[in-house]
Amino acid sequence: MKRFVTLVAVLLLTCPIWGQAQLTTRKYKFNDFTEKTTKVVLTGNMFYDSALKEEIANRWRLSPYEFCTIEEFEEIKTDSNFYFLLTTSGQFKKEKMPGIVFLSLVKGGNAATKGIHKMLEVTSIPLCPAENPTGREFVFLPAFIDILQNYTRLSMENDYNAYMGLSSSASNLSSRQKAEYRLLMQESDLSASLPEKFLKRHKNDIIFVEEEEIDDAMLKGAHSTLVSYVVYPENPDRSSCCYKMVIDTETHDLFYFKKSKITKVMKPGFLEGDIKRITDALK
C-alpha cells in the first residue's frame, strides 16, 4: 500500500482515501496510539456510517475514539494528537482511477497538508471495489475492525510487524489444530489462471460453496471455519492489484493475506501459490 499516488477520503457507495536513529522507526512513530484519541471519520453515507458506528461501538478497544465528519477531519488532520480511521480509495501509479476502497488508519500531522497519502499510515485493509461494491463489505466489516486493531497492537510491540504490513499479522496456520478447520471458498475467488489439474488435486482440501454460505458463516461466527475474501477493481488495468484474505469467522484472526499484481497471465483471485500454501498448512 506504499505505492499509492492517491489516497483520498470517499463517500462509500455514493462516490463515482532526529534524534537517535531508533526514534524514527515506525514502531516508535505510533507507539502513543493507545494514549491518543482515534477520530472515526464518517462518510456521509447513512447506511455505511450506521454500520461503522455500530461496529466501532461494539469492537473498538485499543484507544479512546470519537466520531467526526469529513469536514471536521479536514480542520484537524494536521493535529498529531489524533489518529484517524477513515474510508479511503487507493489508486496505483498507472491506474486511470481509484480501483479499491480501503479502511485506513493514519496519524495526524503537518504532512496532511500535502494529502492523506502523505500522512503516517498505520495500516489499510481492502474493503471492496471502488465501483459497484456488492455490499459484502458490511458483512466483513466487524472482522476488518478487529484485524486493524490486532495489527496495530502487534506493530506497537515490534518493528517487524510495523514494516511488514498485514501479512505479518496473519496467523501461522501450521501452529493451529488444523484438523478442526474447514475452509470455505467460492469458485469465483479462484484465479482463472488456475489449471484444472491443479484444482482436482485440491478438491478435498476446499469446500466450495456459494457466496451466501460464506457470508452466513461470517455473520454467525461459525466455529472452526475459515473463509475466503477477495478484493480487486471491477475493471482492472495493467497496474491493478488483487488482495486475497482468509479469515477465521469466529475469532476474526487473519490467517492469510496476500497482494498480487494483476496481469494478462496472473488473473485476479487465489493463485496456485496461495492455494498450495494454505492447503499444505491445513494438512
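This text gives an overview of the structure that appears in the document. All residue numbers here refer to positions counted from 1 along the written sequence of the relevant chain. Only residues with pLDDT of 70 or above have their local features reported here, since the model is predicted, and side-chain atom pairs are shown and tallied only from 80 upward, although totals for entire chains, interfaces and linings are computed over all residues. As a rule here, side-chain values come from all non-hydrogen atoms in the structure, and water together with hydrogens is ignored.

When DSSP locates at least two bridges between a pair of strands, those strands are taken to pair. The helix count covers DSSP runs of H or I at least four residues long, the strand count covers runs of E at least two residues long, and both are numbered beginning at the N terminus. Taking strand neighbours across the sheet as the criterion, the five strands line up as β8-β7-β9-β10-β11 in an open arrangement whose pairing is mixed. The sheet is open, and its two borders are formed by β8 (207-208) and β11 (254-261), each paired with just one other strand. Sheet analysis places strand β7 (residues 182-185) next to strand β9 (residues 225-231), joined by three bridges and oriented parallel. Pairing of L184 across the sheet is with V227, part of β9. What makes two residues a contact is simply this: any of their non-hydrogen atoms within 4.5 Å. A fitted line through C-alpha atoms represents every axis, and for helices the fit uses only the stretch in contact; the resulting angles, taken between N-to-C directions, go from 0 to 180 degrees. Packing of helix α4 (residues 136-157) onto the sheet brings it into contact with β9, β10 (241-248) and β11, and relative to β9 it is tilted by some 110°. Each of β7, β9 and β10 is contacted by helix α7 (residues 211-220), which is oriented at about 120° to β9, the strand it contacts most.

Moving on, we come to the pattern of salt bridges. Any Lys or Arg side-chain nitrogen located within 4 Å of an Asp or Glu carboxyl oxygen qualifies as a salt bridge. Going through the model one piece at a time under the given rule, you end up with 11 salt bridges. In this structure, the salt-bridge partner of K107 is D32, at a minimum N-O distance of 3.1 Å. Of this pair, K107 sits in strand β5 (residues 100-107) while D32 sits in the loop between α1 (26-29) and β2 (37-41), placing them 75 residues apart in sequence. Summarising the burial analysis for this pair, K107 and D32 share the class buried. Ionic pairing is found between K77 and E74, a salt bridge with its closest N-O pair at 2.7 Å. Residues joined in a network through salt bridges with shared partners are D32, K36 and K107. Note on classification: 1.4 Å probe, protein chains only; a residue is buried when its accessible area is under 20% of the maximum for its type, exposed when over 50%, partly exposed between these limits.

Centre distance within 6.5 Å is the pairing criterion for rings of Phe, Tyr and Trp, where only the six-membered ring of Trp is used; planes under 30 degrees apart are then read as stacked, over 60 as edge-to-face, and the remainder as tilted. Under the definition given, this model contains 12 aromatic pairs. Between F82 and F84 the ring centres are 6.3 Å apart and the planes differ by 55°, which places this aromatic pair in the tilted class. Residues F82 and F84 agree in their burial class; the two are buried. When the centroid spacing of 5.6 Å and the interplanar angle of 90° are considered together, the rings of F102 and Y243 count as edge-to-face. With F102 in strand β5 and Y243 in strand β10, this pair connects stretches of sequence that are 141 residues apart. Judged by relative accessible area, F102 falls into the buried class, the value being 0%. Judged by relative accessible area, Y243 falls into the buried class, the value being 1%.

With that settled, consider the side chain of T37. Along the chain, the position of T37 falls in strand β2. Accessibility expressed as a relative area gives 18% for T37, which makes it buried.

Every buried residue belonging to helix α8 (residues 272-282) is among D274, I275, I278, T279, A281 and L282, and all of these are buried. Within α8, the buried residues cover an arc of 160° as seen down the axis, which keeps them to one side. Residues of α8 that are exposed and angled more than 90 degrees away from the buried face: G273 and R277. Packing partners of the buried residues in α8 comprise β7, α6 (196-201), β9, β10 and β11. Directions drawn from the helix axis to the C-beta atoms are what define this arc.

Right, let's get into unusual backbone geometry. When glycine is set aside, most residues are seen to have a negative phi, and most peptide bonds are trans. At N132, a residue that is not glycine, the phi angle is positive and equals roughly 50°. Within the fold, N132 resides in the loop between β6 (120-129) and α4. We note that H252 has phi near 65°; this positive angle belongs to a residue other than glycine. Looking at the element boundaries, H252 is found in the loop between β10 and β11.

It is worth spelling out the packing of helix α2 (residues 46-59) against α4 at this point. Orientation of α2 relative to α4, taken along the N-to-C sense of each, is 45°, at an axis distance of 10 Å. Taken together, the axis directions place α2 and α4 in an arrangement best described as oblique. The two elements α2 and α4 meet at a crossing, and its hand is right-handed. Residue-level inspection shows F47, Y48, A51, L52, E55, I56 and R59 of α2 in contact with α4, the latter providing F138, L141, P142, I145, D146 and Q149. In this count, Pro and Cys sit with the nonpolar residues alongside Ala, Val, Leu, Ile, Met, Phe, Trp and Tyr, while Asp, Glu, Lys and Arg are called charged and the others, Gly among them, polar. Classifying every residue of the contact of α2 with α4 by side-chain character gives nine nonpolar, one polar and three charged. Orientation is classified from the angle alone, with under 35 degrees giving roughly parallel, over 145 giving roughly antiparallel, 65 to 115 giving roughly perpendicular, and any other angle giving oblique. The hand of a helix crossing depends on one turn: near helix anticlockwise from the far one by less than a right angle means left-handed, and clockwise means right-handed.

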